[in-house]
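# Notes for the structure review
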Amino acid sequence: MSVARVIVDVPSRETDRPFDYLIPARLEGWVEPGSRVAVPFGGRTLQGIVVATKDDAEVDRSRLKELADVLDAVPPLSAELVELGEWMSRRWLCPLTVALQAMLPAALKGKTEKYIAIARGAEWTEADRLFDGELIAALERQSPLKLSTLLRQFPDQAGAIQRLLKAGKLEELQKVEDRLSVRTVLTVFAPSPERLRAALEAIPRRAAKQRETIEYLLAHPEPIAQQQLAEAVGTTTGTIKALADKGFVELRAVTEDRDPYEGREFPASAPMKLTPAQAAAFGPIAAAVGEGRHEVFLLHGVTGSGKTEIYLQAIQRCLEQGKEAIVLVPEISLTPQMVERFKSRFGERVAVLHSRLSNGERYDEWRKIRDGRAQVAVGARSAIFAPFGRIGLIVIDEEHESSYKQEESPKYHARDVAVERARQHGAAVVLGSATPSLETYAAATIESGAPGNRDAAFRPVYVPLPERVADRPLPGVTIVDMREELKLGNRAMFSRALADALQARLDREEQAVLLLNRRGYSTFVMCRSCGYTAQCPHCDIALTYHRGSQNLRCHYCGYAEREPTECPSCQSPHIRFFGTGTQKVEEALALAFPGIRVIRMDVDTTTEKGSHEKWLTQFRERRADVLLGTQMVAKGLDFPHVTLVGVLAADSALKLPDFRAPERTFQLLTQVAGRAGRHELPGEVVIQTYEPEHPSVAMVERHDYAGFTAQELRHRRVLGYPPFGRLISLTLSHEQMPLLIALGESFAAKMREKASAAGLTGSFAGGAPHALEVLGPVPSPIPRLKDRYRFQCMVKYRGDVDAPGWVAKTLQELAETTKRSGVTVGVDVDPQMML
Ligand SMILES: Nc1ncnc2c1ncn2[C@@H]1O[C@H](COP(=O)(O)OP(=O)(O)OP(=O)(O)O)[C@@H](O)[C@H]1O
Ligand SMILES: [Zn+2]
Ligand SMILES: [Zn+2]
């Protein structure tokens, strides 16, 4: 009997190592690295993933327990994905099980179900029968029975069940079950025509419906769903069941895929003839894919330069090599329009993975990949774990997008995972963007690389695509200083320039996109008499007003309360909500342009499944003049009649306490400006701001990515921020503020002590090649969350230092102390959000 090394699904540091289990004979041959198993663990049955198998254990075999079960016929993960998980857990300091679980579709995140069974040899007394007769009878009909089912049937008998368990007459079993299974459809299989005719002979005349059913099958011999057959004949499924019972037809459960794009036609599209600029960019990418060489490319192409066509042709090349491709797209740009571009080129070979699918649909798409029925996976962040075995190409569109970093554990960055996975497979990576992240751009263009940034091996090949296709110009950009507008007496939400431009679109029956940059800008409630603002009682964050439900909500913990009618602090009735929400813009538009047709897209209007698609289709069909929205209207959209893009409050996110705020603002403005004039009609952009001189705004006017970046990189170099240094943020939290202050200070002091003892410390100010500093503690930008106060320490380092490894080791050493004091420490390696 051999041994399986299993990572159990308990996400804690103590259990973060493999445990050995014997593989019983009945499961021999079913267990390999990546198998999902059920194992006995501390008196419970838990799900686990096999990371290795071996012939002898170091420990005494007689003390090993046996695997309880193997949960899938085909292992959901592979040895390669297990290895990737191990790499992730080192890279982002998370337990291995957390990394492995992130790779599984939600449907496979099994939960433990309790069952109750009659114990062997149980003898019922008269008293048992008298008091618990019905319960016992239910179990005599079916045992084991799910505990939850039993309790639903006998809500008052929980005590009795416990008593009988204690008496040893009942026993409890545990099984790991999937939350979801494949969908099966009862399908009728007809035998040969001879046997059908023989059946007709045998069925009596009065069973007319049965005879009609057989006749139907004679005319239509292909397998048919039972329900469908019943409808076609005009009978019930009972008739068919009767035929099956007599053995005239066969009735089998057939698994069926839930296809989220069922019934949609995707017109086939042929490869376009590349423009000379596209061809030049495509050359080196195609060469790497063709030769099966691992190489990373930064495809830096302005908006509308035809990057997608390059992706498509690179995928084509990849498929011709008999290999598979993954395409990552930010969640919000994963629109049906985007999907269509891939489906119409590669048809059935495309599987789509994103969070708007139901768990079932997602699971079915995932199985299409695992079973080799799809060769191209298009999806959001987690699609990077698509269970392919022969990857030839990974494309990351809009590579600068912060949504590629997962904000909860495992706090991985899909871009880094992509590079690692591609390395494993010898695959090419294409990182595409009109506004690459400074990290990627610096790694690709600075001669010596960006020393502090990341693995020295990360040196993408820079592939520029500086012009739009067909000599279309980039749109003209006008920056409007809203302070000037105010001086001239215009208090409206729209500047004269934007109002005129909008009116012109209405007159010419063209369309406009309006972006309300709302990040860090919420609709909060404030008292005009005393200045009170409504805060979440659990988090130090202003509550956001939701008009639909007329309540105030905390976007961090979900707390909600009713809209106040008077100020809780001074009882003044002059309490109202402030801030320019999309709803207010919508109202202002209706007032200023009577009859204007507006589609509003924000979190409130896109929660319903399919709503996103519905709005975009309406806009495409020109059933609206204006598409108004938050970040979600900024990216990836390609509408021929959009000739105006307007931005309200361009600078609202600049004040966020995050060193990436200027970079993000520049990216957002450039991206949204790129939505205008992408086809025959020329485009125009109007950006309203209170800070027209700010480089993040001013450089957009000239479409000057290089200028903005050079300036921003100079700042970053001085401060030692990425890409000239790397960060690991440590967030300490505790319920009591004074205690947290004291513990935070001593924690930071110990970290500094240990860093200098390890010979790691070095100052950033000097030009030393290696440097490491432990900064803080300071209150986090969100100083309290879910009733816990938060302080932040930052490890800043550069050069060839294994800082994550050192932090992991140090946290282990300090674990005793932190645990005793009740402090929790959250770790974020290469944080993207400074929260
Ligand atoms: N070789 C080509 N010949 C003709 N038209 C092309 C060609 N390549 C792309 N196009 C068209 O140009 C338009 C812009 O291309 P695409 O959407 O791929 O640009 P992009 O670089 O991905 O833009 P963005 O980054 O702004 O999303 C599309 O309508 C596309 O169909
Ligand atoms: Zn007040
Ligand atoms: Zn809250």
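Throughout, residues of each chain are indexed from 1 in the direction in which the sequence is written. Each chain is given a letter, starting from A, and each ligand a number, starting from 1, according to the order in which they appear as written. This being a predicted model, a pLDDT of at least 70 is required before a residue's local features are given, and a value of 80 or more before pairs of side-chain atoms are given or counted; all residues contribute to the totals for chains, interfaces and linings.

Before going further, it helps to spend a moment on the overall build of the protein. Secondary structure elements are taken from DSSP: a helix is a run of H or I of four residues or more, a strand is a run of E of two residues or more, and numbering for both begins at the N terminus. Each helix and strand counted, the protein has 24 helices and 33 strands in total. Each principal axis of the C-alpha atoms in the protein carries an extent, and together these give about 90 × 70 × 70 Å. Counting other C-beta atoms within 10 Å of each residue's C-beta, where C-beta atoms are placed from the backbone, gives the exposure class: buried for 20 or more, exposed for 12 or fewer, partly exposed between. For the protein, the proportion of its 835 residues judged to be buried stands at 43%. We call two residues in contact when the distance between their C-beta atoms, placed using the backbone, is within 7 Å. Once local pairs closer than 6 in sequence are excluded, the contacts in the protein between residues at least 24 apart make up 73%.

Bringing the environment of Leu100 into the picture now. With respect to the secondary-structure elements, Leu100 resides in helix α2 (residues 96-102). Look at Leu100 and you get buried, because 27 C-beta atoms sit within 10 Å. Spatially, the C-alpha atom of Leu100 lies 22 Å from that of Ser402, the residues being 302 residues apart in sequence. With residues near it in sequence (within four places) discarded, Leu100 still touches Ile7, Ile49, Leu77 and Gly85.

Note on placement: Asp69 falls in strand β5 (residues 69-70). Overall, the presence of 17 C-beta atoms within 10 Å leaves Asp69 in the partly exposed class. Once the C-alpha coordinates of Asp69 and Leu730 are considered, the two residues, 661 residues apart in sequence, prove to be 39 Å apart. Excluding residues within four positions of it along the chain, Asp69 makes contact with Val37 and Ala38.

Domain annotation of the protein identifies domain 1 (3-110), domain 2 (112-177), domain 3 (191-248), domain 4 (276-470), domain 5 (472-521 + 580-717) and domain 6 (726-829). For each domain, the first and last residues come from an automatic or database assignment. Here the C-alpha centre of domain 4 lies 51 Å away from the C-alpha centre of domain 3.

Bringing the sheet that holds strand β24 (residues 560-562) into the picture now. Either a parallel or an antiparallel arrangement is found when strands of a sheet pair, and the pairing is made through backbone hydrogen bonds. An order of β22-β23-β24 is seen for the three strands of this open sheet, with the pairing classed as antiparallel. The sheet terminates laterally at β22 (544-546) and β24, the two strands that pair on one side only. For this sheet, the mean angle separating the axes of adjacent strands, direction not counted, is 30°. Think of it this way: DSSP has to see at least two bridges between two strands before they count as a pair. As defined by bridge partners, strand β23 (residues 551-553) adjoins β24 across three bridges and the pair is classed as antiparallel. What sits directly across from Arg553, in β24, is Ala560. To get an axis, fit a line to the C-alpha atoms, keeping to the stretch in contact for a helix; angles then go from 0 to 180 degrees between the N-to-C directions.

Our focus in this paragraph is the site of ligand 1. Contact assignment follows one rule, namely that a residue is near a molecule or strand if its backbone-placed C-beta atom lies within 6 Å of it. Near ligand 1 you find 20 residues, and of these Thr303, Gly306, Lys307, Thr308 and Glu309 are the closest. Considering every element that reaches the shell around ligand 1, the biggest residue donor is helix α11 (residues 307-320), with three residues. When residues are sorted by character, Ala, Val, Leu, Ile, Met, Phe, Trp, Tyr, Cys and Pro go into the nonpolar class, Asp, Glu, Lys and Arg into the charged class, and all the rest, Gly among them, into the polar class. Residue composition of the shell around ligand 1, grouped by class: five nonpolar, 10 polar and five charged. Residue assignment places the shell around ligand 1 across two domains, with domain 4 (276-470) and domain 5 (472-521 + 580-717) each supplying three or more.

With that out of the way, let us pick up the confidence of the model for the protein. With 93% of its residues at a pLDDT of 70 or more, the protein has an overall mean of 86. Predicted as a complex, the structure gets a pTM of 0.82 and an ipTM equal to 0.95. One confidence number per residue, pLDDT, is output by the predictor and ranges from 0 to 100.

Regarding helix α19 (residues 611-620), the residues found buried are Trp615, Leu616 and Phe619. Viewed end-on, α19 has its buried residues packed into an arc of 95°, placing them on one side of the element. At its buried positions, α19 is contacted by α12 (336-346), β26 (598-601) and β27 (626-629). Following α19 by one or two positions, Arg622 has its phi on the positive side, about 60°. Here the arc refers to the directions that run from the helix axis out to each C-beta atom.

It is worth spelling out the pairing of strand β32 (residues 788-798) at this point. Among the 11 residues that make up β32, nine are buried, leaving the element largely enclosed by the rest of the structure. In this structure, strand β30 (residues 726-734) lies alongside β32, joined through nine bridges in antiparallel fashion. Bridging from a neighbouring strand, Arg726 pairs with Tyr797 of β32. Alignment of strand β31 (residues 771-785) against β32, held across nine bridges, turns out to be antiparallel. By the bridge assignment, Leu775 is partnered in β32 with Met794.

The subject of this paragraph is unusual backbone geometry. The peptide bond linking Ser409 to Pro410 adopts the cis configuration, its omega dihedral lying at 0°. Residue placement: Pro410 occurs in the loop between β16 (391-397) and α14 (414-425). With an omega dihedral of 10°, the bond running from Pro722 to Pro723 counts as a cis peptide bond. With respect to the helices, strands and loops of the structure, Pro723 is situated in the loop between α22 (705-719) and β30.

Here the focus is the packing of helix α1 (residues 79-91) against α14. One can describe the packing of α1 onto α14 by two numbers: an axis separation of 11 Å at closest approach and a directional angle of 140°. Regarding the angle of α1 to α14, the classification is oblique. Viewed along their axes, α1 and α14 form a crossing whose handedness is right-handed. For the pair formed by α1 and α14, the contact residues are Glu80, Leu84, Trp87 and Met88 on the first element and Val417, Glu420, Arg421 and Gln424 on the second. Broken down by class, the residue content of the contact of α1 with α14 amounts to four nonpolar, one polar and three charged. Throughout, the term roughly parallel applies to angles under 35 degrees, roughly antiparallel to angles over 145, roughly perpendicular to angles from 65 to 115, and oblique to all others. It is the rotation of the near helix from the far one that decides the hand of a crossing: anticlockwise by less than a right angle makes it left-handed, clockwise makes it right-handed.

Those places that UniProt annotates as "binding site: Zn(2+) 2" (unreviewed entry) correspond, in this numbering, to Cys536, Cys539, Cys554 and Cys557. Judged by maximum C-alpha separation, these annotated positions cover 22 residues in sequence but sit close together in space, the widest gap being only 8.7 Å. By the secondary structure assignment, Cys536 is in the loop between β21 (525-527) and β22. Beyond its immediate sequence surroundings of up to four residues, Cys536 is in contact with Ile541, Leu543, Cys554, Cys557 and Tyr559. Tracing the backbone through its elements, the reader meets Cys557 in the loop between β23 and β24. The residues contacting Cys557, other than those within four sequence positions of it, are Cys536, His538, Cys539 and Lys786. UniProt positions are given in the numbering used here, feature names are shortened, and annotations may be inferred rather than shown by experiment.

Our next topic: the environment of Cys793. Note on placement: Cys793 falls in strand β32. Look at Cys793 and you get buried, because 20 C-beta atoms sit within 10 Å. If we ignore the near neighbours within four places in the chain, the residues touching Cys793 are Leu730, Phe747, Ala748, Met751, Val774, Leu775, Gly776 and Pro777.

Bringing the pairing of strand β20 (residues 511-516) into the picture now. The buried count for β20 comes to six of six residues, which makes it a mostly enclosed element. On β20, burial covers both faces: Gln511, Val513 and Leu515 on one face and Ala512, Leu514 and Leu516 on the other are all buried. Pairing geometry for β20 and strand β28 (residues 642-648), over six bridges, is parallel. Residue pairing across strands places Gln511 opposite Val642, the latter belonging to β28. Sheet topology places β20 next to β27; four bridges connect them, and they run parallel. Following the sheet pairing, Leu515 is matched in β27 by Gly629.

Spatially, five strands are ordered β2-β1-β4-β3-β5 in an open sheet, and the strand pairing comes out antiparallel. Looking at strand neighbours, the two that pair on one side only are β2 (19-22) and β5, the edges of this open sheet. As paired elements, strand β1 (residues 3-8) and strand β4 (residues 44-54) share six bridges and run antiparallel to each other. Counted as the bridge partner of Ile7 is Ile49 from β4.

On to the packing of helix α7 (residues 208-219) against helix α9 (residues 237-245), then. In the contact formed by α7 and α9, the axes pass within 10 Å of each other and the chain directions differ by 75°. Between α7 and α9, the crossing angle belongs to the class labelled roughly perpendicular. The segment α7 lies against α9, with Lys209, Gln210 and Thr213 engaging Thr239, Ile240, Ala242 and Leu243. Grouping the constituent residues of the contact of α7 with α9 by class yields three nonpolar, three polar and one charged.

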